[in-house]
Amino acid sequence: MMFCTGFLLSVVLSQPTPREACVFLDDLFRSSSSEAVMEMTIVTPDWERTLSLQAWSLGTDHSFIRVLAPPREAGMATLRVGNDIWNYMPNTGSTVRVPPSMMSGSWMGSDITNNDMVQEITYAEDYSASWGDPPDGNSLLLVLVPLQGTPVVWSRIEILLDLETLLPEREEYFDGRGNITRTILFTEPREMGGRKIPTVMTVIPARDGRRTVMRWTSVIFDADVDPGVFSMRNLQSGDW
Amino acid sequence: MVLKAAFRNVLRNRGRTFFTLLTITGAFLMSAVAVSWELGSYNNIIMLFTGSRTGQIQVSAPGYREDPRITNTVFLDSALTTIIDTTPGVAAWTPRVFAGGLVSLISGSDGVAENSSGVFITGIDPKQENRATGFASQIVSGVDLMEPAEGIPGILLGSGLALVLEASPGDTVLVFSQGADGSMVDRFFLVRGVLESGDLEADRSTAWITLDNAWEIFALEGRVHQIAVMTSSLRQVPGVTERLRTALLGHDVAVEEWREFAESFYRAMQADAQSLWVMLVIILAVAAMGVLNTVLMSVLERKREFGLMMALGAGPGKVVSMVVVETMLKTVVSIIAGSLLTVIVVGIWSRTGVSFSQPMQFGGITITHMRPEFTPEVFLIPAVTIFLTALLVCLPPALKAAHTRPARAMRTI
């Protein structure tokens, strides 16, 4: 009994609650507004290409991404307002709203889906969280099960966190049969935009040989972003 | 001696012989028509399904069916096309390029396409595709892709897709997709026509562009995902598949027939074939009953005659063989007569076919016309069944006749 109490006490003292960890993760990349430059490398068995991107966000429901390079894709842009996504293609000068049936489709040929872009789900509000058995003594394993009614296709997420910093190291998404459907690796934690964040995110879908690596080059959190960025006019201007 | 006696017996009672012949001939014709219809409907559905779309045989990169990646291609070089062209039994063939994408109708002044749909883009050679699948005849409005378009390249939309996009010939649509090298492509296309293949699922999601356009936008110069090969009948498929496989051994390709690449359809057809056989067995059973009835009657009513024969010294064996030979003689004549009638009836019928006033739906394809089959099976199945039935049903009465006690038999009737 004494031993048990002592053990529990030590856990409580050294660890935040699962909910606290969720809130920490939810707020990691979130801010009232942001401006970032990043590189997205898509690797497939047949080809590999890198896109330079500039991204803006305002609140949780406005974001805008412009492709800066390579030349063939430069000027392509994506505007997201709430649950709607529009893509602008400079080659034809046309703007297309992504239909609901294509929301689970790939964004710009990467392993990131359109749904990932519009996700407003938070770990703290939409999942029930608990601690699992971490694989080693330097990390924590946060197990998230979506609450009833959370519109996601996975049945469980396991997030490996660094014991010291609580920064995520790996996220594994499981389907209803317990198979991993995708893995996200978070690496190269660094000070950027006044926060310590993992600056490289690697999305590995279950499909063989594919992965998408997002590398943040710079981030400004709570940046002074003009709301006009998130307009159809800016989307179609092709300015970059 | 037996044959001679049997002959005489057959000819002696003309009325009885005539009715026996009539019954067996009728049974034969009925069975032949049933077989021809059932086989016809089975083969028609398969040929309609494979002929309007998939082909009976497909040549593709090994593993493409399991992993239909855009880069999983076959190089369409002259060595390959010459082999396919010269393989006996190949009636037509058509190369295809497949890619997924997003298609949107460009409308409204703000240039924002609100009406979009995921699309399965198929690059085709319009002339070859038409020769293979009668593609042009599936166009319900507009024109096909055969005449080169001025300016923007042409596209054909499946009818369901056109409905979703609210697009019609003359409209401009935007296609947004990704090339085999990973580059994003967006291109305008002019809707040339709307197509209805009868496959509702495909018509909802497919758009067709020319092979040249597909090669250019998907960065696939000279490469295709599939070559659909047509034969003139299902019967030839296994042989042609084998010949193509052998001839294309040096090329890195997979040759598959419809039973392999359209497996779920094949399974559905197999289930259908089972009900076909149940139907046939019932029809043949009815025909066999008729044969049994006439043979039985013609033996029973001659009890007295057999008694007399035996009283005059004919052994039981002789009586049995005489009855059997008699029956079989009539059966053979009936089968020949029935075959002649079948040639006339089914021959004409299979040429004209039957048109349904109410089109039938089967597995997403619409059937408006059905042609009965006119093949050896149409004759063989009824002939064998009726011959065996006649043999089987004449034996018990024949044996019974042979065991007649002459004195009693002559007294009773």
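Because the structure is predicted, anything quoted here is derived from the model rather than measured.

A word on the overall build of chain A. Within chain A one finds five helices and 13 strands. Principal axes of the C-alpha set define a box for chain A whose edges measure 70 × 40 × 35 Å. Counting over 240 residues, chain A shows a buried share of 48%. Nonlocal contacts in chain A, meaning residues at least 24 apart in sequence, comprise 45% of its contacts between residues at least 6 apart. Of the roughly 11,900 Å² of accessible surface on chain A, a fraction of 54% belongs to carbon and sulfur atoms. Side chains of chain A give 19 positive and 31 negative charges; the mean places of these two sets differ by 6 Å.

The subject of this paragraph is helix α2 (residues 14-54) of chain B. For α2(B), which comprises 41 residues, the first-to-last C-alpha distance of 57 Å matches the rise-based estimate of 60 Å (1.5 Å per residue) to within 8%. B:G55 sits one or two positions beyond α2(B) and adopts a positive phi of about 85 degrees.

Residue and element names in this part refer to chain A. Following A69, the chain continues into P70 via a peptide bond in cis, with omega recorded as 0 degrees. Positionally, P70 belongs in the loop between β3 (62-69) and β4 (77-81). Here the phi dihedral of E188 falls at roughly 50 degrees; this positive angle occurs in a residue that is not glycine. Within the secondary structure layout, E188 lies in strand β11 (residues 180-192).

Attention now goes to the packing of aromatic side chains. As enumerated under the stated definition, the model contains 12 aromatic pairs over all chains in all. Centroid distance A:Y123 to A:Y127: 5.8 Å. Interplanar angle 70 degrees. Geometry classified as edge-to-face. The burial state of A:Y123 is the same as that of A:Y127; both residues are buried. Aromatic side chains B:F18 and B:F19 sit 5.6 Å apart centroid to centroid with 75 degrees between the ring planes, which places their arrangement in the edge-to-face category. The class of B:F19 is exposed, set by a relative accessible area of 52%. Counting every residue linked through ring pairs, the aromatic cluster contains B:F49, B:W258, B:F265 and B:Y266. A cation over a ring is seen here: A:R156 above A:F174, with NZ or CZ 4.0 Å from the ring centre.

So, about the side chain of B:S117. Relative to the helices and strands, B:S117 is located in strand β5 (residues 116-124). A distance of 3.4 Å separates a polar atom in the side chain of B:S117 from a polar atom in the side chain of B:R204. Aside from chain neighbours lying at most four places away, what touches B:S117 is A:P99, B:G101, B:L102, B:V103, B:L161, B:V164, B:L165 and B:R204.

All right, on to the interface of chain B and chain A then. With 27 residues of chain B at the contact, the number on the chain A side is 23 residues. Summed over both partners, the interface of chain B with chain A buries about 2,000 Å², with 55% contributed by carbon and sulfur atoms. At the boundary of chain B with chain A, the tally comes to one salt bridge. A:D46 is the salt-bridge partner of B:R69, the closest N and O atoms lying 2.8 Å from each other. Joining chain B to chain A, the criterion identifies eight residue pairs in polar contact (both at pLDDT 80 or more). For the side of chain B that touches chain A, the secondary-structure elements that each account for two or more residues are β3 (92-105), β4 (112-113), β5, β8 (172-178) and β9 (184-195) of chain B.

As a further point, take the packing of helix α10 (residues 263-300) of chain B against helix α13 (residues 376-402) of chain B. All names here are of chain B. Where α10 meets α13, the axes come as close as 9 Å, and the angle between the chain directions of the two elements is 35 degrees. Helix-helix and strand crossings are classified by hand; for α10 and α13 the assignment is right-handed. Contacts between α10 and α13 pair W277, L284, A288, V291, L292, V295, L296, V299 and L300 from the former with I381, T385, T389, A390, V393, C394, P397, A398, K400 and A401 from the latter. Residue composition of the contact of α10 with α13, grouped by class: 16 nonpolar, two polar and one charged.

Residues and elements named next belong to chain B. On the surface, V332, I336, L340, L380, V384, F387, L388 and L391 cluster together into a nonpolar patch covering about 690 Å² of accessible area. Elements with a minimum of two residues in the nonpolar patch: α12 (316-352) and α13. Per-element tally for the nonpolar patch: the top contributor is α13, with five residues. Take V384: it is sitting in helix α13. When its relative accessible area of 44% is taken as the criterion, V384 is described as partly exposed.

With that settled, the discussion passes to the pattern of salt bridges. For the coordinates displayed, the defined rule picks out 21 salt bridges over all chains. Residue A:E73 is joined to A:R49 by a salt bridge in which the shortest nitrogen-to-oxygen separation is 2.5 Å. Of this pair, A:E73 sits in the loop between β3 and β4 while A:R49 sits in strand β2 (residues 48-58); the two residues are 24 residues apart in sequence, bridging distant segments of the chain. The pair formed by A:E73 and A:R49 is uniform in burial state, with each residue classed as buried. In this structure, the salt-bridge partner of A:R190 is A:E188, at a minimum N-O distance of 3.4 Å. Note on A:R190: relative accessible area 42%, which makes it partly exposed. In this structure A:E188 comes out as partly exposed when scored by relative accessible area, which is 35%. Shared partners join several salt bridges into a network, and the residues in it are A:D46, B:D67 and B:R69.

In this section: the nonpolar core. In globular proteins that are soluble, nonpolar side chains generally tend to be buried together. Counting residues in each nonpolar core, the largest one holds 65 residues, and the members touching the most others are B:I155, B:L157, B:F218, B:I227 and B:V229. Setting aside its immediate chain neighbours within four residues, B:F218 contacts B:I70, B:V97, B:A99, B:I121, B:S177, B:Q178, B:G179, B:A180 and B:I209. Grouped together as the second largest cluster of nonpolar side chains are 55 residues, A:I42, A:L53, A:A55 and B:A113 included.

Before going further, it helps to examine the pairing of β11(A). Residue and element names in this part refer to chain A. Judged from the five bridges that link them, strand β10 (residues 168-174) and β11 form a sheet pairing that is antiparallel. Counterpart to E171 in the pairing with β11 is I184. Turn length for the β10-β11 hairpin, with the two strands adjacent in sequence and antiparallel, is five residues, and the turn residue G178 shows positive phi of about 85 degrees.

We now examine the pairing of strand β9 (residues 156-162) of chain A. Residue and element names in this part refer to chain A. Burial of β9 is extensive: five of the seven residues sit out of reach of the surface. Note that strand β8 (residues 139-146) and β9 share six bridges and pair antiparallel. Across the sheet, residue L142 finds its bridge partner in β9, namely I159. Relative to β10, β9 runs antiparallel, the two being bridged by six bridges. Residue pairing for β10: R156 is matched across the bridge by F174. What sits between β9 and β10 in their antiparallel hairpin is a turn of five residues, with L166 showing a positive phi close to 65 degrees.

Looking now at a positive patch on the surface. Among the surface-exposed residues, B:K303, B:K400, B:R405 and B:R408 lie close enough to one another that they form a single positively charged patch. Looking at the element boundaries, B:R405 is found in the loop between α13 and α14 (406-412).

Rules behind the numbers
- Within every chain, residues take consecutive numbers counted from 1 along the sequence as written.
- For this description, chains carry letters from A and ligands carry numbers from 1, given in the order in which they are written.
- Predicted model: local features are reported for residues with pLDDT of at least 70 only, side-chain atom pairs are reported and counted for 80 or more only, and whole-chain, interface and lining totals are derived from all residues.
- Side-chain calculation: all heavy atoms of the structure are included, whereas hydrogens and water are not.
- Every helix listed is a DSSP run of H or I at least four residues long, and every strand listed is a run of E at least two residues long, numbered separately from the N terminus.
- Partly exposed describes any residue whose relative accessible area lies between the buried limit of under 20% and the exposed limit of over 50%, with all areas from a 1.4 Å probe on protein chains only and scaled to the type maximum.
- The contact rule is simple, with two residues in contact once any of their heavy atoms fall within 4.5 Å.
- Computed with the Shrake-Rupley method and a 1.4 Å probe, the accessible areas treat only the protein chains shown as cover for residues.
- All tallies of charge rest on Lys and Arg as positive and Asp and Glu as negative; His and the ends of each chain are not included.
- Each charge is placed at NZ for Lys, CZ for Arg, CG for Asp and CD for Glu.
- By this rule, a helix spans an expected 1.5 Å times one less than how many residues it contains.
- Each pair of aromatic rings taken from Phe, Tyr and Trp, with Trp reduced to its six-membered ring, is defined by centres within 6.5 Å and is described as stacked if the planes are under 30 degrees apart, edge-to-face if over 60, and tilted in the remaining cases.
- Only lysine NZ and arginine CZ atoms are considered, and such an atom sits over a ring when it is within 6 Å of the ring centre and within 35 degrees of the ring normal.
- Nitrogen and oxygen atoms within 3.5 Å of one another constitute a polar contact, given that in protein one can donate a hydrogen and the other can accept it, and given that sequence-neighbouring residues count only through two side-chain atoms.
- Take the accessible area each of two parts loses on contact, using a 1.4 Å probe, and add the two losses: that sum is the buried area.
- Salt bridges are counted wherever a side-chain nitrogen of Lys or Arg sits within 4 Å of a carboxyl oxygen of Asp or Glu.
- Between the N-to-C directions of two axes lies an angle of 0 to 180 degrees, each axis being a line fitted to C-alpha atoms and, for a helix, fitted only over the stretch in contact.
- Left-handed describes a crossing in which the near helix is turned anticlockwise from the far one by less than a right angle; the clockwise case is right-handed.
- Under the scheme applied, nonpolar residues are Ala, Val, Leu, Ile, Met, Phe, Trp, Tyr, Cys and Pro; charged residues are Asp, Glu, Lys and Arg; polar residues are all the others, including Gly.
- Within the patch definition used here, like charges are joined within 9 Å and nonpolar side chains (Val, Leu, Ile, Met, Phe, Trp, Tyr) within 5 Å, considering only residues with over 30% relative accessible area and no salt bridge.
- Nonpolar cores were defined as sets of buried Ala, Val, Leu, Ile, Met, Phe, Trp, Tyr and Cys residues, with membership established by side-chain atoms within 4.5 Å.
- Strands are labelled as partners when DSSP assigns at least two bridges between them.

Honestly, it's all geometry; don't read function into it.
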